[in-house]
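Here's the letter readout for the chains.
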Amino acid sequence: MSRYFTEDHEWIEVDGEVGTVGITDYAQGQLGDVVFVEVPDEGKALTKGDEAATVESVKAASDVYAPASGTVLEGNAALTDTPELVNSDPEGDGWFYRLTLSDPSELEELMDEAAYEAFVAKL
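Being a predicted model, the structure only gives us computed values, none of them experimental. Within each chain, residues carry numbers counting from 1 in the order of the written sequence. Local features are withheld for residues below a pLDDT of 70 in this predicted model, meaning they are given only at 70 or higher, and side-chain atom pairs are given and counted only at 80 or more; totals for whole chains, interfaces and linings count all residues. No hydrogens and no water enter the side-chain calculation; it runs on all heavy atoms of the structure.

Should DSSP find at least two bridges between two strands, the strands are regarded as paired. Strands are runs of DSSP state E lasting at least two residues, helices are runs of H or I lasting at least four, and both sets are numbered from the N terminus onward. Ordered by their spatial adjacency, 3 strands build an open sheet running 4-6-7, and the pairing between neighbours is antiparallel. Lying at the two open borders of the sheet, with one neighbouring strand each, are strand 4 (34-38) and strand 7 (61-65). Each strand axis lies, on average, 25 degrees off the axis of its neighbour in the sheet, ignoring direction. Bridge count between strand 6 (residues 51-57) and strand 7: 5 bridges; the pairing is antiparallel. Its bridge partner lying in strand 7, Val-55 is registered against Ser-62. Convention adopted: a line fitted to C-alpha atoms gives each axis, helices being fitted over their contacting stretch, and angles between N-to-C directions are expressed from 0 to 180 degrees.

This is the structure in structure tokens:
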């Protein structure tokens, strides 16, 4: 599996044609305590850069953008009852949605983990 990152602090982990999307540890740290998450519906078509999900914290509400184009396979239902998973495990159980990639070449425009860590270090 390969993991890629956006400058908007989303990550996508790719396994074959399926990508799992969430926000980075850096992003959840900036948000603070997450109190609500809205994930996209199964079957929703997303284009890279589309608003895909919403995350609300005690500090702010933020959109989560699609790091790649595709069709949503599932949203993380666990976030409905336990949105704090985004804080406790943002790059694991706190994932937002999975999608079938429609254009895997879009991933080439994203950062790998080392590039993302360098990007965050400059913020």
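Residues grouped as a nonpolar core are buried Ala, Val, Leu, Ile, Met, Phe, Trp, Tyr and Cys residues, joined through side-chain atoms within 4.5 Å. Summary of the burial criterion: residues with accessible area below 20% of their type's maximum are buried, those above 50% are exposed, and those between are partly exposed, where the area comes from a 1.4 Å probe applied to protein chains only. Within the largest apolar cluster, 24 residues are counted, with the highest numbers of intra-cluster contacts made by Ile-12, Phe-96 and Tyr-97. When residues of this core are traced back to their parent elements, those giving at least two are strand 2 (10-15), strand 3 (18-23), helix 1 (25-31), strand 4, strand 6 and strand 9 (97-101). The contact criterion used is simple: two residues touch if any of their non-hydrogen atoms lie within 4.5 Å. When sequence neighbours within four positions are dropped, the list of residues in contact with Tyr-97 reads Gly-19, Thr-20, Val-21, Pro-40, Leu-46, Ala-52, Tyr-65, Ala-66, Pro-67, Val-72, Glu-74 and Gly-75. Listed in part, the 6 residues of the second largest apolar core include Phe-5, Trp-95, Met-111 and Val-120.

With that settled, the discussion passes to the pattern of salt bridges. Within this document, salt bridges are pairs made up of a side-chain nitrogen of Lys or Arg and a carboxyl oxygen of Asp or Glu, the two lying within 4 Å of each other. This model, assessed by the stated rule, comprises 4 salt bridges. Among the ionic pairs, Arg-3 bridges to Glu-91, the shortest N-O distance being 3.2 Å. Placement of Arg-3 in strand 1 (residues 2-5) and of Glu-91 in the loop between helix 3 (85-88) and strand 9 is noted, with a sequence separation of 88 residues between them. Arg-98 is the partner of Glu-74 in a salt bridge, and the nearest nitrogen-oxygen pair spans 2.9 Å. Taken together, the residues span a long stretch of sequence, with Glu-74 in strand 8 (residues 70-75) and Arg-98 in strand 9 at a distance of 24 residues. A relative accessible area of 34% means that Glu-74 is categorised as partly exposed. For Arg-98, a relative accessible area of 26% puts it in the partly exposed group. Among the ionic contacts, a cluster of salt bridges with common partners joins Arg-3, Glu-13 and Glu-91.

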